[in-house]
Amino acid sequence: MNRNGPLALAFHTFVVLFTVAPILVVCVVAFTPNGYLSLPTNGLSLRWFYAIADRPEFLASFRTSLWLAALASTLAVGLAIPAALAIGRMQFAGRGLLLSLFLSPLMIPHLVLGIALLRFFSEAGLGISGWTLVAGHLIVVFPFAIRLILTTSVGLDRQIENAAVSLGASRWTTFRRVTLPLILPGVVSGWILSFIQSFDEVTMSVFISTPQTTTLPVRLFLYIQDNIDPLVASVSAILIALTVIVMVVLDRLFGMERLLVGPGRG
C-alpha cells in the first residue's frame, strides 16, 4: 500500500485549509459583538443571531428558497430519468444534438439567461410569478440532474432487466424494482446537486423574482447593497450549521456512501 509522502501531505493540508478557511472566517465573524464586519477580538456575542428574529423577511425568503429548490430539483430529476435512459441506452438520429440542447444552459451566463427569461415571460403574457421562477430554476438545474443520471445509466446491464421481464415482471415493475435501484446513486446525487444549485442561484433569480417570491440569496444580495453589518454572516453560519446537521443525519440514517456511490461500489 502506497503512503503519501510529507510533501503530498503538506500539499493536501494546504488545499483543505484553503478551502475551509473562508467558511471558518464567516462563522467566526458571525459571533462578533461589533456593528461592523470584524473578527470578535472583543469577545463572543449572539447579537447578530438574535437580530435575525427581527427580520421576518429573511425567514420568509428561506422558506421560499426551500420549496423552490425542492420543487425544481424534483421536477428536474423526474424529467432527467427518462431522458437519460433514452440517451444513454438507445441509438437514434439527433441523440448528440438532444444532449447538447439539454446541457446548453451550462454554457449560457446566468445574467443573459435571466434577461432572456424575463423578456420571454413578458412577451408571452405570463408575467412574473412563483411558477415562472420554478421554470427558470428548472432550466438552470436540469443539466446537473441529467448529467449525473446519465453517468449511471450508460453502463447499465440490459440483461438484468430482460431477466426480470422474462420472469413475468411488467415494464413498470422492472423499472421500479430493477432499473431505478441501479441508477439510484445518480438520481440522489443529481437531486442533491440540483437542490444546491437552485438554492444558491442569485443572478437569474434577481430578474424573475417578485417581492413575494424573493429567495434567500437574493434577499442577502439586496441587503448587503445597503448594509455592512454582520447579519449576513450570521445567516450564512446558520445555513452552514444546518447543512452539516442534514449531512450527519443522512449519513446516520442511510449512509452517504450508499446514497451517492451505491451498495458495493465504495
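The present account deals with the structure reproduced in this document. (Residues numbered from 1 in each chain as written. Predicted model: local features only at pLDDT ≥ 70, side-chain atom pairs only at ≥ 80, totals over all residues. Heavy atoms only, no water.)

## Concerning the packing of helix H5 (residues 110-123) against helix H6 (residues 130-154)
Geometry of a packed helix pair, given as the angle between the helix axes and the separation of the axes.
Logical step 1: Running from N to C, H5 and H6 point in directions that differ by 140°, and their axes come no closer than 11 Å. The interaxial crossing formed by H5 with H6 has right-handed handedness. For the pair formed by H5 and H6, the contact residues are His-110, Leu-113, Leu-117 and Phe-121 on the first element and Thr-132, Ala-135, Gly-136, Ile-139 and Val-140 on the second.
Logical step 2: Tallied by class, residues from the contact of H5 with H6 come to six nonpolar, three polar and no charged. (Axes fitted to C-alpha atoms, helices over the stretch in contact; angles between N-to-C directions. Helix = DSSP H or I, 4+ residues; strand = E, 2+ residues; numbered from the N terminus. Left-handed = near helix turned anticlockwise from the far one by under 90°. Contact = heavy atoms within 4.5 Å. Nonpolar A, V, L, I, M, F, W, Y, C, P; charged D, E, K, R; others polar.)

## Description of the packing of aromatic side chains
Logical step 1: According to the stated counting rule, one finds nine aromatic pairs in the structure shown.
Logical step 2: With centroids separated by 6.2 Å and ring planes inclined at 75°, the aromatic side chains of Phe-62 and Phe-199 adopt a geometry described as edge-to-face. Highlighted residues: Phe-62 in helix H3 (residues 56-89) and Phe-199 in helix H8 (residues 171-200), separated in sequence by 137 residues.
Logical step 3: Following the ring pairs from residue to residue traces out a cluster consisting of Phe-62, Trp-191, Phe-195 and Phe-199. (Phe/Tyr/Trp six-rings, centres within 6.5 Å; stacked < 30°, edge-to-face > 60°.)

## Concerning the packing of H3 against H6
Logical step 1: Contact pair H3 / H6: the axes reach a minimum separation of 6 Å and the direction vectors enclose 40°. One way to sum up the angle between H3 and H6 is to call them oblique. Where H3 crosses over H6, the two elements pack in a sense that is right-handed. (Parallel < 35°, antiparallel > 145°, perpendicular 65-115°, else oblique.)

## Let's talk about the environment of Arg-219
Logical step 1: Residue placement: Arg-219 occurs in helix H10 (residues 216-224).
Logical step 2: The partly exposed category is assigned to Arg-219, whose relative accessible area is 22%.
Logical step 3: Remark: the alpha-carbon pair of Arg-219 and Phe-120, spanning 99 residues in sequence, is separated by 24 Å.
Logical step 4: Apart from residues no more than four positions distant in its own chain, Arg-219 is found in contact with Glu-57, Phe-58, Ser-61, Pro-211 and Thr-214. (Buried < 20%, exposed > 50% of the residue type's maximum accessible area, 1.4 Å probe, protein only.)

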